[in-house]
Structures are given as C-alpha cells and as structure tokens.
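# Coordinates in review
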Amino acid sequence: MNNIEQELFNRVKTHLLNQGERAETDESTHGIKMCQYHAESGLKCAVGCLIDDNAYDFSMEGEAVNDDLVYDALIKSGIDMGGKAVSILRALQHVHDSREPSEWPKCIDEVEMVY
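Structure report, in brief. Bear in mind that the values here come from a model prediction, so they are computed numbers and not experimental data.

Regarding its fold elements, the protein chain presents 4 helices and 0 strands. For the protein chain, the α and β elements follow one another from N to C terminus as α-α-α-α. For 115 residues, the compact-globule formula gives about 13 Å, and the C-alpha radius of gyration of the protein chain, at 13 Å, lands near that figure. Taking the principal axes of its C-alpha atoms as reference, the protein chain extends roughly 40 × 30 × 20 Å. For the protein chain, the residues scored as buried account for 39% of the 115 residues in total.

Let's shift gears to the pattern of salt bridges. A side chain with one charge may pair with a side chain of the opposite charge, provided their charged atoms come close. Following the criterion strictly, the structure yields 5 salt bridges and no others. Taking the shortest distance from any N to any O, the salt bridge between Arg-22 and Glu-100 comes out at 3.7 Å. Of this pair, Arg-22 sits in the loop between α1 (3–19) and α2 (68–76) while Glu-100 sits in the loop between α3 (85–98) and α4 (104–114); the two residues are 78 residues apart in sequence, bridging distant segments of the chain. Here Asp-53 ties to Lys-44 by a salt bridge, and the two come within 3.3 Å at their closest N and O atoms.

One finds Val-47, Ile-51, Leu-74 and Leu-89 to be the most contacted residues of the largest nonpolar core, which totals 33 residues. Secondary-structure elements contributing two or more residues to this core are α1, α2, α3 and α4. Discounting residues that sit within four places of it in the chain, Val-47 has contacts with Tyr-37, Val-65, Val-70, Leu-74, Leu-89 and Gln-93.

In this structure, His-38 sits in the loop between α1 and α2. Overall, His-38 belongs to the buried group, its relative accessible area being 11%. Within the structure, the side chain of His-38 is placed 3.1 Å from the backbone oxygen of Ile-51, a separation counted as a polar contact. Apart from residues lying up to four places away in sequence, His-38 is in contact with Leu-43, Lys-44, Gly-48, Ile-51, Asp-52, Asp-53, Tyr-56 and Glu-61.

About the thresholds
- Residues numbered from 1 in each chain as written.
- Predicted model: local features only at pLDDT ≥ 70, side-chain atom pairs only at ≥ 80, totals over all residues.
- Heavy atoms only, no water.
- Helix = DSSP H or I, 4+ residues; strand = E, 2+ residues; numbered from the N terminus.
- Rg over C-alpha atoms; globule rule 2.2 N^0.38 Å.
- Buried < 20%, exposed > 50% of the residue type's maximum accessible area, 1.4 Å probe, protein only.
- Salt bridge = Lys/Arg side-chain N within 4 Å of Asp/Glu carboxyl O.
- Core = buried A, V, L, I, M, F, W, Y, C linked by side-chain atoms within 4.5 Å.
- Contact = heavy atoms within 4.5 Å.
- Polar contact = N/O pair within 3.5 Å; in protein donor to acceptor, adjacent residues only side chain to side chain.

This is the structure we're talking about:
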C-alpha cells in the first residue's frame, strides 16, 4: 500500500475496531438483517464511515463501493479513490458484512497483508 492507501486503511480499521458492531438494518428482511453504509442507529460500515453525512444518500444502500452513487459520495467526502482504494474498501466491506465483529481484528490484519 502507498501512504494514501495506508491512511485510508488505518482510518477504516480504527473505525471498525472502535465501533465493534455491524451497521445494519433494525428490521430484518425475510429474517436477514442487511448491512448499511449509514444505519438508523448511527452506526456506519467500513465504507460508510468515510462518507460525510452531507454526501450520503439513502439510495446508495445495497450498492457496491464502485457503484456511481457510492463512488461519487466518497469523492465528495474527500476520499482519494485512486490506486487500490476500491479493492481495499471492498475487502474491508466484506469483513464488516460477512464476519463476526469478534473476528474483525484478525480479518482486518489479513486484508492489510494482502495489500
């Protein structure tokens, strides 16, 4: 990782480890809670923590990091999306969405080793 990517990674890592829980819908759809960029509870996911409130739009929920709405919100929030930023954010988002918070420290360290 270059310095900009490392700073981005560190920012998300710090957020996730401090928050310690998923940002997800309060109500489950068909018994499944959905992860969200900005949850009603105030929690934010690995990518959502980078999106300023004034750049956030509910319509980006359920969209991928490289979707135009999400990508543009990250740019508007001052995030440099060059280099491996999208890949790094996808990997960190996967950790948030698919792993238990107790597994996050190990999984996040694994992401760092890959990049």
